[in-house]
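As a plain string of letters, each chain reads:
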Amino acid sequence: MRVKDDEKIAALFEATVKKVNEIGFASSSVSKIAKEAGVSPATIYVYYKNKDELLVSTYVEIKRRISAALLDSFDESEPVRDIFEKFFLKFYEFIVGNADYYKYTEQFANSPYSELVDREALERFFEPIFRVYLHGVEQKILKNVDIPIVTAFIWAPVVALANPNSCHGERLEKNTIETAFTLAWDAIKL
């Protein structure tokens, strides 16, 4: 069995993001991704069964990185509002600082490939966030609504604000982001 090379895996990850963002999922062939990564097409099959698995694992890795960014220095003992504000700010920073990764996730979520993702495995990355939400509901701090509704009101604003097309590519001032969080928080709090 061949030993997996972390550098090649990282190169394939970056090449997949780049190619998909440039030419889309359908046009991003294994050979184009391999060429971008500087490896032979056969190398991809050492690490992934097929193109579908490469695309899905790239998406899952980006979601893992988002989760790691949000949960960096996470302290569940802090007040629920403070925790959500930190999540909001960190998510904004992640998207702004990793626009290519986020663009990939947006395309992926609206593609047929999204059906191939193990949703339960993906949700485990964000389980501490769900736990904080449920804790907020139990404490009568947050509205008891379905998670997709909470997502629409707390996470969708971050995506809109971090989108370079809607903000003309300029990073927003911290007080503007904090104001946006207050508006989003007002939508989900009791």
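Only a predicted model underlies this, so the values are computations on that prediction, with no experimental measurement involved.

A word on the overall build of the chain
Then step 1. If you tally the helices and strands in the chain, you get eleven helices and zero strands.
Then step 2. Helices (α) and strands (β) of the chain occur, in sequence order from the N terminus, as α-α-α-α-α-α-α-α-α-α-α.
Then step 3. Projected onto the principal axes, the alpha-carbon positions of the chain cover approximately 55 × 40 × 30 Å.
Then step 4. Counting across all 190 residues of the chain, residues that qualify as buried make up 38%.
Then step 5. The contacts in the chain between residues at least 6 apart in sequence include a share of 73% that link residues at least 24 apart.
Then step 6. If you sum the accessible surface of the chain, you get close to 10,700 Å²; carbon and sulfur atoms cover 54% of it.
Then step 7. Side chains of the chain carry 24 positive and 29 negative charges; the gap between the two charge centres is 5 Å.

Brief notes about the layout of surface pockets
Then step 1. Size it by volume and the largest pocket reaches roughly 750 Å³.
Then step 2. Taken together, the elements giving at least two residues each to the lining of the largest pocket come down to helix 4 (51-71), helix 5 (80-97), helix 6 (99-109), helix 7 (119-125), helix 8 (127-138), helix 9 (147-154) and helix 10 (156-162).
Then step 3. Partitioned by chemical class, the residues of the lining of the largest pocket number 18 nonpolar, three polar and four charged.

Considering helix 5
Then step 1. In this model, helix 5 (18 residues) spans 25 Å end to end at C-alpha, consistent with the 26 Å of a helix rising 1.5 Å per residue.
Then step 2. If you check which residues of helix 5 are buried, you get Val-80, Ile-83, Phe-84, Glu-85, Phe-87, Phe-88, Leu-89, Phe-91, Tyr-92, Phe-94 and Ile-95.
Then step 3. Among the structural elements, helix 4, helix 6, helix 8, helix 9, helix 10 and helix 11 (174-188) are those in contact with the buried residues of helix 5.

Considerations on the packing of aromatic side chains
Then step 1. Per the counting criterion, the structure on display carries 16 aromatic pairs.
Then step 2. Clustering of aromatic rings is evident, with ring pairs tying together Phe-74, Phe-84, Phe-87, Phe-88, Phe-91, Tyr-102, Trp-155, Phe-181 and Trp-185.

What counts, and where the lines are drawn
Residues numbered from 1 in each chain as written. Predicted model: local features only at pLDDT ≥ 70, side-chain atom pairs only at ≥ 80, totals over all residues. Heavy atoms only, no water. Helix = DSSP H or I, 4+ residues; strand = E, 2+ residues; numbered from the N terminus. Buried < 20%, exposed > 50% of the residue type's maximum accessible area, 1.4 Å probe, protein only. Contact = heavy atoms within 4.5 Å. Areas by Shrake-Rupley, 256 points an atom, 1.4 Å probe, with all protein chains shown as cover. Lys, Arg positive; Asp, Glu negative; His and termini not counted. Charge placed at Lys NZ, Arg CZ, Asp CG, Glu CD. 1 Å grid on protein atoms, 1.4 Å probe; cavity = no way out; pocket = protein on both sides within 12 Å on 5 of 7 lines; lining within 4 Å. Points joined across faces, edges and corners; volume = space filled by probe spheres on them. Nonpolar A, V, L, I, M, F, W, Y, C, P; charged D, E, K, R; others polar. Expected span 1.5 Å × (residues − 1). Phe/Tyr/Trp six-rings, centres within 6.5 Å; stacked < 30°, edge-to-face > 60°.

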